Amino acid sequence: MQPENKTAAIHGAFAFDSLLCHLFSASFNQPEGIDRQRSDKLRSYHAFTAGYFSKQGRDALTIEHLPAEKMAPLTRALFHERVHYWQLIGSPLLQLGFTLHLERMRMGANSLGGRPDLIAGQHLWQEPKPGTAEQLEELLSSQEAHFGWVPVSEKMIQIPNWIHRDPLTAMPFLHMPHVNGKILPAYGALLGFGMQRKYVIVPFNIRYLLESAAVVSEALREGEGLPKPGNLDSEEDQLYFGAWEFWRRVHGPRYRNETELAYGFLAAVDLAMMPDVAGLNDSLNRGGYADDEYRSENFSVPYRFGKLAFRSQGLPPLRIDGGEEPSKAVERFQKDICLFSGWPTPKQAAARMSVFLTEAMLQNYANFIENTDETVTAVKALFDTPVMDFAENQGSLQNLWRIIAEVAGAPERMARIGALVLGTMLNVCVERCSSPGKFALPHLYETDLALRFPLPLLIMDGQYYQDIEPGLHFGSPIPINGLQLLHDCVALLTLSPLRNDDRSCGFLLKGVPCWYMRQGFGCPQGNLTEAERLERELKQLGDACHWSVRSSALGTGKPC
């Protein structure tokens, strides 16, 4: 039985630039009869801790476990946001974009007279180059154009590419708006229902693909019937079901059951998110050549998905043979498409991106690495060898990863904001190389993925939570400490306005209540109430908050 078609509810929001998962709390209020006296004592302890650390120029965070009474309604919401985290954290396109985001933050810190060397990036041993902020912002805006909730008009259609008349189905080639008046080559789905002439057009951009894949993964996890909408009248339904409905119509007759059809869709979305941006960038920077078609297939996700959705009609459908591990079927299916298209496989793309991220990590920790002949030789070989050549032998990176792990493990060396996120991305790339196909089927491998790559930071009602015990280390080859990563994420959110040469706090700009506000201490960057001001004086908090501690260390000054 198919579930009723209704507008999908958004349970939370995941921000890739900070790895923050914000769970909306309207349905998860505190239970009746809470011990208020204990709550007040805990709040006093938090205030004392925050005041103590503020005198040392440090921040105070308290982490709580989600109480049992909140877990039941949150289980599905947490899975949905975990899926988005795994979809994005392992995508080379998004990994490259994150390094660009860090570079732009560094330029902002530099323009405000601060210390850009305390922010991670691709070129930490160089000062930010003047005059490149506009170019960098254009690159970031270009990537973000893939994420919009885009209304598509008939004027954008260049070629309709009709597929079926009943029900009306097409895969139009689109010219979608990009940055600075440019055009993004893209494909989308034109879908009609019943005998009506009315139809909708859904673009295959990143947000639409990922939401549709997350909803399909949820249905598989819960053992529900897969979505089969009777219409897509609302924008929410187009966002959540449009890409899946297109895949179901075009490829459904070729599959022997709905489960394998869904696995094929999830494998296709996963493949669309795994372009070879590291290898292509390296080739172009060394005077190589790539035609416009190949560039579009690697830098435009909505174009890439359209191509693979069309081409896979002539290739064997995804099938799980006997007791075969489903991830192996995904790997085989993706390999067939890549071989036909002349693309690197997701495993190859991840291997090449692991070289790029290793370079970034080495630059972040260059000042801490012992300068031996062995180390100099290994690092020189890395930077002098093309990415595609170095990626063919992952064993050559093992010694470099050991060096990074040794220096990154010391708590006093965590000052560079964003470095642990880069380390997490490197770990994901290595995992994708060793276990191809797993990330495409999160409903089957949730337990393993959650232990290796838990959501770093959950915020609900202003309180911070983590998926697993925050003091644990996870990931390989770079062991990442959960509590240190949480501080990294808070710093990224707090200082994100630096990207726009802005001194203010990211919590305020994003409308996310921070821990200090939840405790009743107010925001010293906003307007303190008289009660909040007195509370801060009583607890000797001064202007302590996430922003003040980090902006002081960076030297980016008071907000305007």
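Read on for a plain summary of the structure.

**Re the packing of helix 12 (residues 346–364) against helix 16 (residues 419–434)**
Interhelical geometry of helix 12 versus helix 16 gives an angle of 150° and a closest axis separation of 8 Å. The pairing of helix 12 with helix 16 is recorded here as roughly antiparallel in orientation. Considering only the axes of helix 12 and helix 16, their crossing is left-handed. For the pair formed by helix 12 and helix 16, the contact residues are P346, K347, A350, A351, M353, S354, L357, T358, A360, M361 and N364 on the first element and A419, L422, G423, M425, L426, C429, R432 and C433 on the second. A per-class count over the contact of helix 12 with helix 16 returns 13 nonpolar, 4 polar and 2 charged.

**Points about the environment of D488**
By secondary structure assignment, the location of D488 is in helix 18 (residues 482–495). Look at D488 and you get buried, because its relative accessible area is 6%. Sequence separation of D488 and I417 is 71 residues, and the distance between their C-alpha atoms is 5.9 Å. With residues near it in sequence (within four places) discarded, D488 still touches R416, I417, G418, A419, L420 and V421. Side-chain polar atoms of D488 contact the backbone nitrogen of L420, separated by 3.1 Å.

**A short note on the packing of aromatic side chains**
By convention here, two paired aromatic rings are described through the distance between centres and the angle between planes. In this structure the tally under the stated criterion is 13 aromatic pairs. Measuring from centroid to centroid gives 4.9 Å for W515 and Y516, while their planes differ by 85°, and the two rings are edge-to-face. Of the two residues, W515 and Y516, neither departs from the other in class, the shared state being buried. Of the aromatic side chains, those joined through ring pairs into one cluster are F204, W244, F246, W247, F265 and F305. The ring centre of F193 lies 4.7 Å from the NZ or CZ of R249, which sits over that ring.

Definitions and limits used
Once a new chain begins, its residue numbering starts again from 1 and follows that chain's sequence as written. With pLDDT at 70 or above as the cut-off, local features in this predicted model cover only qualifying residues; side-chain atom pairs require 80 or more to be listed or tallied, and sums for whole chains, interfaces and linings still use all residues. With hydrogens and water set aside, each side-chain value is computed from the structure's full complement of heavy atoms. Axis lines are fitted to C-alpha atoms, over the contacting stretch for helices. Their N-to-C directions set the angle, which ranges from 0 to 180 degrees. Helix and strand definitions here come from DSSP, where helices need a minimum of 4 consecutive H or I residues and strands a minimum of 2 consecutive E residues; each element is numbered from the N-terminal end. Should an angle fall under 35 degrees it is called roughly parallel, over 145 degrees roughly antiparallel, and 65 to 115 degrees roughly perpendicular, with every other angle called oblique. The handedness criterion is simple: a crossing whose near helix is rotated anticlockwise from the far helix by less than a right angle is left-handed, and one whose near helix is rotated clockwise is right-handed. We call two residues contacting when some pair of their heavy atoms lies within 4.5 Å. Residue polarity follows a fixed list, in which Ala, Val, Leu, Ile, Met, Phe, Trp, Tyr, Cys and Pro are nonpolar, Asp, Glu, Lys and Arg are charged, and the others, Gly among them, are polar. For every residue, the accessible area (1.4 Å probe, protein chains only) is compared with the maximum for its type, and the residue is labelled buried under 20%, exposed over 50%, or partly exposed between those bounds. In protein, a polar contact means a hydrogen-donor-capable atom and an acceptor-capable atom, both N or O and within 3.5 Å, with residues adjacent in sequence counting only if both atoms are side-chain atoms; elsewhere, any N or O pair within 3.5 Å suffices. Working definition: rings of Phe, Tyr and Trp (its six-membered ring) pair if their centres are within 6.5 Å, and the pair is stacked with planes under 30 degrees apart, edge-to-face with planes over 60 apart, and tilted otherwise. A ring is considered to have a charge above it if a Lys NZ or an Arg CZ atom is located within 6 Å of its centre and within 35 degrees of its normal.

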